[in-house]
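So the chains spell out like this:
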Amino acid sequence: MIPPAFDYHAPRTVDEAIALLGSLGSDAKLLAGGHSLLPMMKLRFAQPAHLIDINRIPELRGIREEGNEVVIGAMTVENELIASPLLQAKVPLLADAPKQIADPQVRNRGTIGGDIAHGDPGNDHPAISLALDATFDLQGPQGKRSVKAADFFLGTYTTALAEDEIMVAIRVPAFAPGTGWAYEKLKRKTGDWATAGAAVVLRLSGGSVSHVRIALTNLAPMAIRVPAAEAALLGQPLSAASIAAAAQAAQTAADPAEDLRGDIAYKTAMAGQMVKRAIQAAAARCS
Ligand SMILES: Cc1cc2nc3c(=O)[nH]c(=O)nc-3n(C[C@H](O)[C@H](O)[C@H](O)COP(=O)(O)OP(=O)(O)OC[C@H]3O[C@@H](n4cnc5c(N)ncnc54)[C@H](O)[C@@H]3O)c2cc1C
């Protein structure tokens, strides 16, 4: 309950925050919504000597359209995603799925950038960003670079972010008309992390699958996309057999850790079930 002592910094621009990261080094941590970092500090799993609060940086906020993409500031909180008319219209998966993240209080603080940067395989945004083919804009002392979600998640709590970088925005392509989508999350109760989760984005053309992306939550050391499950569907008419083949491929790809949410066999079976349900729900939304 009692976090260790730390110094507090509240920069007003991204450049100031990057300069602080550079001068304070690995003793410093960025503080976003604080709903993963502060719990870890209260249990003394993390003991940073400096917290750099990025809540007072306006350039990290806001949801806007740029060409065919929706650009979301990293400090956008979950409830802002849910309430965004732009996301509801252009990337409805990203407005709907956060309703399954944590609870109303946590969703008023927790940010999309923090959820992704944390690198927790239990978090929901990583798999959602893989299914959305998102791109993350990272800014460091040398300027900005963009990293695809597919190249970002390297392991448990390990990502492509360098110590002196800040995630500034998340960019997602707007859905083509008729795109189906779903996020199926098996959890023990509201506000719990997934026992197993699956994000699916799907398009049908002439009755066959013309586009599909499938990603899994909490079924491996990090969020993973499952190309073999996608290959089982792509170019095929959706049928019980092709959906079963995709679910089987997800089970083969799953590499879950045993914990209080279940053993490996149970979680692996649930990977298949979540993928099956998510494909069916996504297909029902296709037009
Ligand atoms: C009761 C409870 C239930 C929860 N349930 C869920 C759930 O079901 N699903 C889920 O996905 N999450 C869940 N969470 C986690 C919650 O969504 C967190 O808010 C989220 O994991 C981290 O976001 P944050 O903004 O709070 O980041 P913080 O806790 O402030 O930071 C997390 C980490 O990311 C780094 N970081 C943050 N922002 C940036 C940035 N812009 N650039 C670079 N690094 C950055 C920080 O330095 C820190 O290391 C839950 C939390 C609680 C307390």
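Everything quoted here is computed from the prediction, not taken from an experiment. (Residues numbered from 1 in each chain as written. Predicted model: local features only at pLDDT ≥ 70, side-chain atom pairs only at ≥ 80, totals over all residues. Heavy atoms only, no water.)

Trainee: I keep staring at the overall build of the protein chain and nothing clicks. Help me out?
Mentor: Across its full length, the protein chain holds eleven helices and 14 strands. Taken over C-alpha atoms, the radius of gyration comes to 19 Å for the protein chain, in line with the 19 Å a tight globule of 287 residues would show. Dimensions of the protein chain, computed from the C-alpha atoms along their principal axes, are close to 60 × 45 × 35 Å. Across the 287 residues of the protein chain, 52% fall into the buried class. Here the contacts in the protein chain between residues at least 6 apart in sequence split such that 62% fall between residues at least 24 apart. (Helix = DSSP H or I, 4+ residues; strand = E, 2+ residues; numbered from the N terminus. Rg over C-alpha atoms; globule rule 2.2 N^0.38 Å. Buried < 20%, exposed > 50% of the residue type's maximum accessible area, 1.4 Å probe, protein only. Contact = heavy atoms within 4.5 Å.)

Trainee: How should the packing of aromatic side chains be read in this particular structure?
Mentor: The description of an aromatic ring pair rests on the distance of the ring centres and on the angle between the ring planes. The full count for this structure, using the stated rule, is three aromatic pairs. On the numbers, 4.9 Å between centres and 75 degrees between planes, the contact of F136 with F152 is edge-to-face. Of the two residues, F136 is situated in strand 6 (residues 135-140) and F152 in the loop between strand 7 (143-148) and strand 8 (153-155); the sequence distance between them amounts to 16 residues. Judged on exposure class, the residue F136 and its partner F152 are both buried. Consider the rings of F152 and F153, whose centres lie 5.2 Å apart with planes at 85 degrees: the pair is edge-to-face. By the ring-pair criterion, three or more aromatic residues cluster together here, those being F136, F152 and F153. Stacked on the ring of W181, the Lys or Arg R285 has its end atom at 3.7 Å from the ring centre. (Phe/Tyr/Trp six-rings, centres within 6.5 Å; stacked < 30°, edge-to-face > 60°. Lys NZ or Arg CZ within 6 Å of the ring centre and 35° of its normal.)

Trainee: Is there a simple way to think about the pattern of salt bridges in this case?
Mentor: Working definition: two side chains of opposite charge can pair if their charged atoms are close together. Applying the stated criterion across every chain yields a total of 15 salt bridges. Where K90 meets E65, a salt bridge forms, and the shortest distance between an N and an O atom there is 3.2 Å. One end of the pair, K90, is in helix 4 (residues 85-90); the other, E65, is in strand 4 (residues 63-66), and 25 residues separate them in sequence. By relative accessible area, which is 31% here, K90 ends up partly exposed. Three or more residues are tied together by salt bridges with common partners; here these are R188, D192, D259, R261 and K267. (Salt bridge = Lys/Arg side-chain N within 4 Å of Asp/Glu carboxyl O.)

Trainee: Is there a simple way to explain the site of the ligand in this structure?
Mentor: Taken together, the neighbourhood of the ligand is formed by 29 residues, with L30, S36, T111, D115 and D124 sitting nearest. At a separation of 2.6 Å, an oxygen atom of the ligand approaches a polar side-chain atom of S36. Between the ligand and D115, the relevant distance is 2.7 Å, taken from an oxygen atom to a side-chain nitrogen or oxygen of the residue. Relative to its free-state accessible area of 950 Å², the ligand is covered by the protein chains to the extent of 92%. (Near = heavy atom within 4 Å. Polar contact = N/O pair within 3.5 Å; in protein donor to acceptor, adjacent residues only side chain to side chain. Areas by Shrake-Rupley, 256 points an atom, 1.4 Å probe, with all protein chains shown as cover.)

Trainee: Honestly, the pairing of strand 3 (residues 50-53) in this entry has me stumped. Any pointers?
Mentor: A regular strand places its side chains on the two faces of the sheet in alternate fashion. On strand 3, burial covers both faces: H50 and I52 on one face and L51 and D53 on the other are all buried. As judged from the three bridges shared by strand 1 (residues 7-9) and strand 3, these two strands associate in the parallel manner. The residue of strand 3 that forms the bridge with D7 is H50. Across four bridges, strand 2 (residues 28-31) lies against strand 3 in parallel orientation. From the neighbouring strand, K29 faces strand 3, where its bridge partner is L51. (Pairing = 2+ DSSP bridges.)

Trainee: How should I be thinking about the nonpolar core in this particular structure?
Mentor: Generally speaking, soluble globular proteins have nonpolar side chains that are buried together. Judged by nonpolar contacts, the single largest core of 34 residues is most densely connected at I72, L93, L94, L132, F136, I170 and V172. For this core, the elements supplying multiple residues, two or more each, are strand 5 (69-73), helix 5 (92-96), helix 7 (112-117), helix 8 (125-132), strand 6, strand 10 (166-173), strand 11 (180-186) and strand 12 (196-205). If you tally residues by element for this core, the top one is helix 8, at five residues. Among the domains, domain 2 (61-172) and domain 3 (180-285) are the pair contributing at least three residues each to this core. Beyond its immediate sequence surroundings of up to four residues, L94 is in contact with I72, L81, L87, I112, H125, I128, L132 and V172. (Core = buried A, V, L, I, M, F, W, Y, C linked by side-chain atoms within 4.5 Å. Domains from an automatic or database assignment.)

Geometric values such as these leave the question of function open.
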